[in-house]
Amino acid sequence: MDFNVKKLAFGAGTLFTRAVQFTEEKLGQAEKTELDAHYETLMSRADATKHWTDKIYRQTEVLLQPNPSARIEEFLYEKLDWKAPSRITNGELLGQYMVGAAKEFGAETPYGNSLMMVGDCERRLGAAEREFIQTSAISFLTPLRNFLEGDWRSITKERRLLENLRLDLDACKARLKRAKSAEAKAAAVPDFKETRPRNYVLSASASALWSEEVEKAEQELRLAQTEFDRQAEVTRLILEGISSTHVNHLRCLHEFVEAQAVYYHHCHFHMQELQKELASLPNAFALHSSFPVGTASQGLLSSPAESDTLKIEEVQAPASGTRKAKVLYDYDAADSSELSLLADELITVYTVPGMDSDWLIGERGNLRGKVPVTYLEFLS
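None of the values given here were measured: they were computed from a predicted structure.

1. Let's talk about unusual backbone geometry
Phase 1: Even without a glycine there, the phi angle at D344 is positive, about 75°.
Phase 2: By the element assignment, D344 lies in the loop between strand 1 (323–327) and strand 2 (346–350).
Phase 3: What makes D344 exposed here is its relative accessible area of 55%.

2. Quick look at the nonpolar core
Phase 1: The biggest cluster of nonpolar side chains holds 44 residues, and the ones touching the most others in it are F132, L239, L274 and L278.
Phase 2: Mapped by element, the contributors of at least two residues to this core are helix 2 (37–64), helix 4 (90–105), helix 5 (110–186), helix 6 (197–240) and helix 7 (242–279).
Phase 3: No other element matches the 20 residues that helix 5 contributes to this core.
Phase 4: Core analysis: the second largest hydrophobic core is formed by 17 residues, Y331, L341, V352 and W359 among them.

3. Considering a nonpolar patch on the surface
Phase 1: Together, I72, F75, L76, L80 and W82 make up a nonpolar patch on the protein surface, roughly 560 Å² of accessible area in all.
Phase 2: With respect to the helices and strands, F75 occurs in helix 3 (residues 68–79).
Phase 3: Of the residues examined, F75 reaches a relative accessible area of 44% and is grouped as partly exposed.

4. A word on the packing of helix 2 against helix 7
Phase 1: Axis separation between helix 2 and helix 7 bottoms out at 12 Å; the angle between their running directions is 20°. Between helix 2 and helix 7, the interaxial angle falls into the category roughly parallel. In this structure, helix 2 crosses over helix 7, and the sense of that crossing is left-handed. Facing helix 2, whose interface residues are R45, A46, T49, T53, T60 and L63, helix 7 presents I242, S243, H246, H249, F256 and Q260.
Phase 2: Considering only residue class, the contact of helix 2 with helix 7 consists of 4 nonpolar, 7 polar and 1 charged.

5. Comments concerning the side chain of E338
Phase 1: With respect to the helices and strands, the residue E338 is situated in the loop between strand 1 and strand 2.
Phase 2: K370 provides the closest opposite charge to the buried, salt-bridge-free E338, at an N-O distance of 5.1 Å.
Phase 3: Those residues within four positions of E338 in sequence are excluded, and the remaining contacts are Y331, D332, A333, W359, G369 and K370.

6. As for the sheet that holds strand 3 (residues 359–364)
Phase 1: Within the open sheet, the 5 strands sit side by side as 4-3-2-1-5. Their pairing is antiparallel. Each edge of the open sheet is held by one strand with a lone partner, namely strand 4 (367–372) and strand 5 (376–378). Here the average twist between neighbouring strands, direction ignored, is 40°.
Phase 2: Judged from the 3 bridges that link them, strand 2 and strand 3 form a sheet pairing that is antiparallel. Along strand 3, the bridge assignment pairs V349 with G362.

Reading the values: the criteria
Residues numbered from 1 in each chain as written. Predicted model: local features only at pLDDT ≥ 70, side-chain atom pairs only at ≥ 80, totals over all residues. Heavy atoms only, no water. Helix = DSSP H or I, 4+ residues; strand = E, 2+ residues; numbered from the N terminus. Buried < 20%, exposed > 50% of the residue type's maximum accessible area, 1.4 Å probe, protein only. Core = buried A, V, L, I, M, F, W, Y, C linked by side-chain atoms within 4.5 Å. Patch = residues over 30% accessible without salt bridge, like charges linked within 9 Å, V, L, I, M, F, W, Y side chains within 5 Å. Areas by Shrake-Rupley, 256 points an atom, 1.4 Å probe, with all protein chains shown as cover. Salt bridge = Lys/Arg side-chain N within 4 Å of Asp/Glu carboxyl O. Axes fitted to C-alpha atoms, helices over the stretch in contact; angles between N-to-C directions. Parallel < 35°, antiparallel > 145°, perpendicular 65-115°, else oblique. Left-handed = near helix turned anticlockwise from the far one by under 90°. Contact = heavy atoms within 4.5 Å. Nonpolar A, V, L, I, M, F, W, Y, C, P; charged D, E, K, R; others polar. Lys, Arg positive; Asp, Glu negative; His and termini not counted. Pairing = 2+ DSSP bridges.

What follows is the structure, encoded as structure tokens:
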């Protein structure tokens, strides 16, 4: 019990000394041992790595699981070391609903048959999404979480220990400085005319005591310096390991990109197959009126000016079907077939057969041209 009390008292004294040293440094009343530029660079790099890794990790979680309630549930299952129940994706759920509707309406009907095809495709898309989520969680999220919950905690622990030893070292330096100052005052030559002989004895005794205090302070300083140097080397080595962390995260990033590429490739393949199936149906008029089968990607990448062969000068406003619209943003015409717009102005718009659904014909006075729908607010 006596040993524990002494240990507790020693620990309390150390904390108090560190607190005093820290306060005096903040007030500018004590000197502080500065780390070299290399250490400062390593620490800044480590802090930046932690900061951005945490942001990337959390946003990737949102990307893979947008539902915050589901993320909280998965977090609790993980912390409790329970097996999380399997959860179907939104695409799989939509596919189930479509297939159920197809059975209810009759799979032999055109609508039911189409629902069955689309629902089956949605389920395949959902399965591909679930595989992408699982692969990304293992190959990308797990290494990032291991760094934040493992390596970074070790780095923080070593840095905190280095800071404590630095405070102890500076406290020893301050103690030695005070002891030397007191020793110098005690060793000063007394005035033989005005000082009584008794004071000579006291001065000699005080000088001897301060000499012992200086030796003790020097010994404590050497010990504190040794411990600080040892911890500084340990901290330097662990901070230099950040380079290995970057290499590991780079490999994980490549795996994440590969998983994304595979996922989007599967989605593209499934959608092309679905287009072919729908195009083979007798009621595929809607599909034929948009993009040709097998060329959807090229159609999506082509500009409205390339796909639209309308001649603006030959377009006539319909007798009915025109509307007033307010322009939301400024728009500069890309060519002579388009109409430049100014925010907040009012124009007349209408559509003509064969025109892209993202564009309308706009008129302002005697000027006429194509205008993007997204730049307009229709007035009732």
